[in-house]
4 protein chains.
Amino acid sequence: MSGHAIHGIIGYTITPFGTDDGLDLNALARSIDRLIDDGVHAIAPLGSTGEGAYLNEDEWQQVAKSSVDQVDKRVPTIVSVSDLTTAGTVRRARSAEALGADAVMVLPVSYWKLQTDEIVGHYRAVGDAIGIPIMLYNNPGTSGIDMSVDLIMRIVDAVDNVTMVKESTGDIQRMHQLYLRSQGKLPFYNGSNPMALEAFVAGATGWCTAAPNLIPALNRQLYEAVRDGRLAEAQSLFYRQLPLLDFILKGGLPTTIKAGLGLTGLSVGAPRLPVLPLDDAGRDYLGGLLKELR
Amino acid sequence: MSGHAIHGIIGYTITPFGTDDGLDLNALARSIDRLIDDGVHAIAPLGSTGEGAYLNEDEWQQVAKSSVDQVDKRVPTIVSVSDLTTAGTVRRARSAEALGADAVMVLPVSYWKLQTDEIVGHYRAVGDAIGIPIMLYNNPGTSGIDMSVDLIMRIVDAVDNVTMVKESTGDIQRMHQLYLRSQGKLPFYNGSNPMALEAFVAGATGWCTAAPNLIPALNRQLYEAVRDGRLAEAQSLFYRQLPLLDFILKGGLPTTIKAGLGLTGLSVGAPRLPVLPLDDAGRDYLGGLLKELR
Amino acid sequence: MSGHAIHGIIGYTITPFGTDDGLDLNALARSIDRLIDDGVHAIAPLGSTGEGAYLNEDEWQQVAKSSVDQVDKRVPTIVSVSDLTTAGTVRRARSAEALGADAVMVLPVSYWKLQTDEIVGHYRAVGDAIGIPIMLYNNPGTSGIDMSVDLIMRIVDAVDNVTMVKESTGDIQRMHQLYLRSQGKLPFYNGSNPMALEAFVAGATGWCTAAPNLIPALNRQLYEAVRDGRLAEAQSLFYRQLPLLDFILKGGLPTTIKAGLGLTGLSVGAPRLPVLPLDDAGRDYLGGLLKELR
Amino acid sequence: MSGHAIHGIIGYTITPFGTDDGLDLNALARSIDRLIDDGVHAIAPLGSTGEGAYLNEDEWQQVAKSSVDQVDKRVPTIVSVSDLTTAGTVRRARSAEALGADAVMVLPVSYWKLQTDEIVGHYRAVGDAIGIPIMLYNNPGTSGIDMSVDLIMRIVDAVDNVTMVKESTGDIQRMHQLYLRSQGKLPFYNGSNPMALEAFVAGATGWCTAAPNLIPALNRQLYEAVRDGRLAEAQSLFYRQLPLLDFILKGGLPTTIKAGLGLTGLSVGAPRLPVLPLDDAGRDYLGGLLKELR
């Protein structure tokens, strides 16, 4: 399955914890089944929503294996393999490939700010180590590193298996430039929920989102409306779901999606400290939104 | 003619100067006729493109009168009346109304940063002074003041004749919030050229732009394609004109539009110092774009 | 009197308005006398504090003439001549020189963002037009233009009579770089009140401030303590006056200084709209500070 | 030894790696001895300079133990125990205390941005777990979280053993506010090298810096000159070392300090990928600075 086959709604999974703060792999499997039954076009474990950064190495391996196994090729699986060190990222990328992932996602994470040569070297090391496609991921809000369109195009040119770009700056002009620079040939994906409408209109191949854990039908219908050129319907669908998209972004995805899953009957525990679970006011507001939208 | 009748492509005029740095009102009249003949839906003199901030009071009055007279009600005229002081803004707003303008545009300009009460007071003073609609204009990049959606909605509620909002932050989320907060009832206009596609898709009533001085057909066709729900065509039209929209934004509108008008046969002089005319490399690049697009 | 003779506390004057919003030149004269009697080392009319940007041309000329005449060479006078256009700035600089000013201050003000060549050209035009020293003024917070240390050094090299630099970014590193780049030979002045201690310690020649309208003794004593190497005393003097320095910066200088002058017995009216006078809570707080410090 | 006893120059250690990318604990011991022999007043392992974030748990424990043992109470040791999770931070803090550290340093690191309650909870958990002092560390440039002075004071009030604050924003006003809010009673430390002069002048108790690996005498003399009120000498000492302080900040501390140690005869390997070692031009420039300053 080539990277180009990945399109539409890419559903991000949470990582459920039990009451002892340990992994709850059973709840993970159920959340994956729900997403696939609800029609997402791909599954992405261990991303920002999946608290990948908060897991130890053993936990990371368990979630990666359980996720790929549970998806079981029903749709493509994109495993986030980002680690602060290049060595750790390469090791996780190899694990993901060995487990059967269709692609990996790589976000360069900073403690020390990285120079462009350091970032290119990082992607090249991962690219050399695996044979499956890489989705380059730009999200300065969480990673502390902002890759310009110039740098992204340089990496795409330099590393053969970087074949997809996920953009989460929230700046639509980045997508316009990716489109113009590649004559519309580089698949790009939107990672900023409240920009879903304009990203698809600008030519995004897919929408990387945790929202289908809560409102899968609305997410999918928006994608289909733009794809089929039903513009008025797309606008209406977008504005309907926008309050929820804004809420999950501002409240933090693990916090809000875990709360929302609980409200819809799937108990997945709280995020890991220092991240706190959703407070009562937030839970009431989210409950109201879900009642209206589902 | 009510504010709500203003829609589509609102063409911004430059202010032509002769070799002595004085006004060239003849060239102004010709540029207005060109815009109307080319199909813009409204004319907006003395805005950012029109170097309104760089004129003395007498020049401002001459350009306002010449513009309204030349348009002669063929389309609505929106006169920018912004001044650093409230007294100056009120005086210009009254002049514009007396001259026959259909609406005025007000950008709060800062030297000292303004508090929200000061901005509300400024709009209220203008609103109390005139009987025609006001287009509130938010453009922190030139004015140094960023009005939040909260503040804009507060002003719209407080001042009856603030009936339109022009948003130029370049952040599409502002438009989404204006739409949501007003249940789609507050007409908003896009002032950021490279955001033309997504602004219309998000529900913008019009596009405030100097681009029709150079590529009026492409601008109008983009508006019509979105209006009529031809999405694929809108995307294609947008990406075709985007390099020019990017260029005029980054190069400064008076600098690039005046150069472009010269290249298309209408000599309108240079911007006022310290703003410099377009250099040779820029002129060559712009000439190439125009050859391709016109 | 050469530019190098300007040092210590440069006191900025307000521009008093009467009840009719017209100039109150009598109050202006009294405020200048108070500053000189209180020991400031130079007087600077028509700056940010002086609402120079909010005056019409005739008012500007009256305030310039009255100020220079009233100072009457007791201390140097530095007249702010900034205007949005180069032509206007040159005209005001020539007026200031003709009136007898010892130096002029030039802040490049933007509506359209200026490129470096445009800024250099602006300073060169003023430099060519007059024979007295120019204090280059960098204050992105009010002007919208941030001149890097590189650009400032380029202008100082290119324009002979740019002999002083006033830095108001609030970033102490800018002063360190001005010192290193010029081997300590370029006089620089601090325009950020809450940075007064470290600016002098870093080698600033003077402090450009409106604070001596309210607490002249504390301002002068801080300067003298650093100059004479009494560090513990300088620190103590600084922390004593810092709450007031913070307050006048955050509240806006015309707003707070005019209110403070009123509280100390010199009625100078309100700032020009849209800028509002200090509210009651602010006036109470400021009154408390003044009671403690004077 | 109480937290208040920590003052002056707090020397940050690098973490040396061998050719196999494994720890070189022998070189670590030698670098610690050099710092103590050169007169630093405290030793801080596993901070930003020490690449603490790039070590696995076993490596972290080894470096912590080796460092505390090697210092052997000759001066206080402050161990950085920051981890993304609260559980990991608590575990490391307990280890540090058990090993004999005099204090721990805690930087809240974000992947998901933290709310104030989450940050307070994080510090409270660490404070409850150990009996030695905590140095709160604010460094948004590396951690992605900026703690306001309000929040810092709230944490200091809420958690008894948070008794010291390290400020690395580079904004001198933060230190002024810490001083004013605590009436000069809360010890604060400067973590921004190019601000060393003004931080001490503003009342900083110490300077947290990796510079003494390279220029210990100049660092210590600057501290002593300010402490003893020799202001002219302090200014001169500061400007002499500023080019090196700027260079190590901009080039990244592990990159530049490791290169500098190599240039002075102590081979400590390269930083961990993706961070690259210093390139040849940088090495030449640094060598020139060191020849001039040592």
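Everything quoted here is computed from the prediction, not taken from an experiment.

## Quick look at the sheet that holds strand 6 (residues 162-167) of chain B
All names here are of chain B. Within the open sheet, the eight strands sit side by side as 2-1-8-7-6-5-4-3. Their pairing is parallel. Edge strands, defined here as strands with exactly one partner in the open sheet, are strand 2 (42-44) and strand 3 (78-80). Averaged over all adjacent pairs, the angle separating strand axes in this sheet is 30°, with direction ignored. As defined by bridge partners, strand 5 (residues 134-138) adjoins strand 6 across five bridges and the pair is classed as parallel. Looking at the pairing, Asn 138 lines up with Glu 167 of strand 6. Here helix 7 (residues 172-181) sits on the sheet in contact with strand 5, strand 6 and strand 7 (188-190), set at roughly 165° to strand 7.

## Description of unusual backbone geometry
In this structure, the amide linkage connecting Leu 273 of chain B to the following residue, Pro 274 of chain B, adopts the cis form with an omega of 15°. Of note, Pro 274 of chain B is situated in the loop between helix 11 (253-263) and helix 12 (280-293). Its identity is not glycine, yet Leu 46 of chain B carries a phi of approximately 70°, on the positive side. Of note, Leu 46 of chain B is situated in the loop between strand 2 and helix 2 (57-71). By relative accessible area, which is 4% here, Leu 46 of chain B ends up buried. One non-glycine residue, Lys 73 of chain D, lies in positive phi territory at about 65°. Residue placement: Lys 73 of chain D occurs in the loop between helix 2 (57-71) and strand 3 (78-80). The exposure class assigned to Lys 73 of chain D is exposed, which follows from its relative accessible area of 51%.

## With respect to the packing of helix 10 (residues 231-251) of chain D against helix 11 (residues 253-263) of chain D
The relative placement of two packed helices comes down to the angle between their axes together with the axis-to-axis distance. Residues and elements named next belong to chain D. Following both chains from N to C, one finds helix 10 and helix 11 inclined at 125°, their axes separated by 6 Å at the closest point. By the angle class used here, helix 10 and helix 11 are oblique. Every residue of helix 11 that contacts helix 10 at Phe 247, Ile 248 and Gly 251 is listed here: Leu 253, Thr 255, Thr 256 and Ile 257. The class makeup of the residues in the contact of helix 10 with helix 11 is four nonpolar, three polar and no charged.

## What to know about the UniProt feature "active site" (unreviewed entry) in chain A
Residues and elements named next belong to chain A. Here, UniProt's "active site" (unreviewed entry) annotation points to Tyr 137 and Lys 166. A maximum C-alpha distance of 4.7 Å among these annotated residues, which run over 30 residues, shows that they cluster at one spot. Residue position: Tyr 137 is located in strand 5 (residues 134-138). Excluding its chain neighbours within four sequence positions, the residues that come into contact with Tyr 137 are Ser 48, Met 105, Val 106, Leu 107, Pro 108, Tyr 123, Met 147, Lys 166 and Ser 168. Within the element layout of this structure, Lys 166 appears in strand 6 (residues 162-167). In this structure, Lys 166 is in contact with Tyr 12, Met 105, Met 135, Leu 136, Tyr 137, Asn 138, Tyr 189, Gly 191 and Cys 208, ignoring residues within four places of it in sequence.

## Let's talk about the relation of the copies chain D and chain A
Rotating chain D by 180° and translating it 0.0 Å along the rotation axis places it on chain A, where the RMSD comes to 0.0 Å. The relationship between the two copies is best expressed as a two-fold rotation axis. No C-alpha of chain D lies nearer the rotation axis than that of Gly 144 of chain D, which sits 3.3 Å from it. With an isologous cut-off of 70% or more, the 100% of interface residues of chain D that recur at the interface of chain A puts this contact in the isologous class.

## Structural notes on the relation of the copies chain C and chain D
Note on the identical chains: chain C maps onto chain D by a rotation of 180° and an axial translation of 0.0 Å, with an RMSD of 0.0 Å. Of all interface residues in chain C, 100% are interface residues in chain D too; the two copies therefore contact each other through one and the same surface.

## With respect to the interface of chain D and chain A
Chain D puts 25 residues into the contact, and the matching count from chain A is 25 residues. With both chains or domains summed, chain D and chain A bury close to 2600 Å², and 66% of this area falls on carbon and sulfur atoms. In terms of surface lost to chain A, no three residues of chain D exceed Tyr 111, Trp 112 and Pro 274 of chain D, which account for 32% of the buried area on that side. One can count zero salt bridges joining chain D with chain A. At the level of secondary structure, the elements contributing two or more residues to the side of chain D that touches chain A comprise helix 4 (116-129), helix 5 (140-143) and helix 11 of chain D.

## Digging into the UniProt feature "binding site: pyruvate" (unreviewed entry) in chain A
Within the UniProt annotation, "binding site: pyruvate" (unreviewed entry) is assigned to Thr 49 of chain A. Relative to the elements of secondary structure, Thr 49 of chain A occurs in the loop between strand 2 (42-44) and helix 2 (57-71). For Thr 49 of chain A, the contacting residues outside a window of four places in its chain are Tyr 12, Thr 13, Ile 14, Ala 210, Leu 253 and Pro 254 of chain A together with Trp 112 of chain D.

Rules used throughout
Residues numbered from 1 in each chain as written. Chains lettered and ligands numbered in written order. Predicted model: local features only at pLDDT ≥ 70, side-chain atom pairs only at ≥ 80, totals over all residues. Heavy atoms only, no water. Pairing = 2+ DSSP bridges. Helix = DSSP H or I, 4+ residues; strand = E, 2+ residues; numbered from the N terminus. Axes fitted to C-alpha atoms, helices over the stretch in contact; angles between N-to-C directions. Contact = heavy atoms within 4.5 Å. Buried < 20%, exposed > 50% of the residue type's maximum accessible area, 1.4 Å probe, protein only. Parallel < 35°, antiparallel > 145°, perpendicular 65-115°, else oblique. Nonpolar A, V, L, I, M, F, W, Y, C, P; charged D, E, K, R; others polar. UniProt positions renumbered as here; feature names shortened; annotations may be inferred. Least-squares fit on C-alpha atoms with pLDDT ≥ 70 in both. Buried area = accessible area lost by both parts, 1.4 Å probe. Salt bridge = Lys/Arg side-chain N within 4 Å of Asp/Glu carboxyl O.

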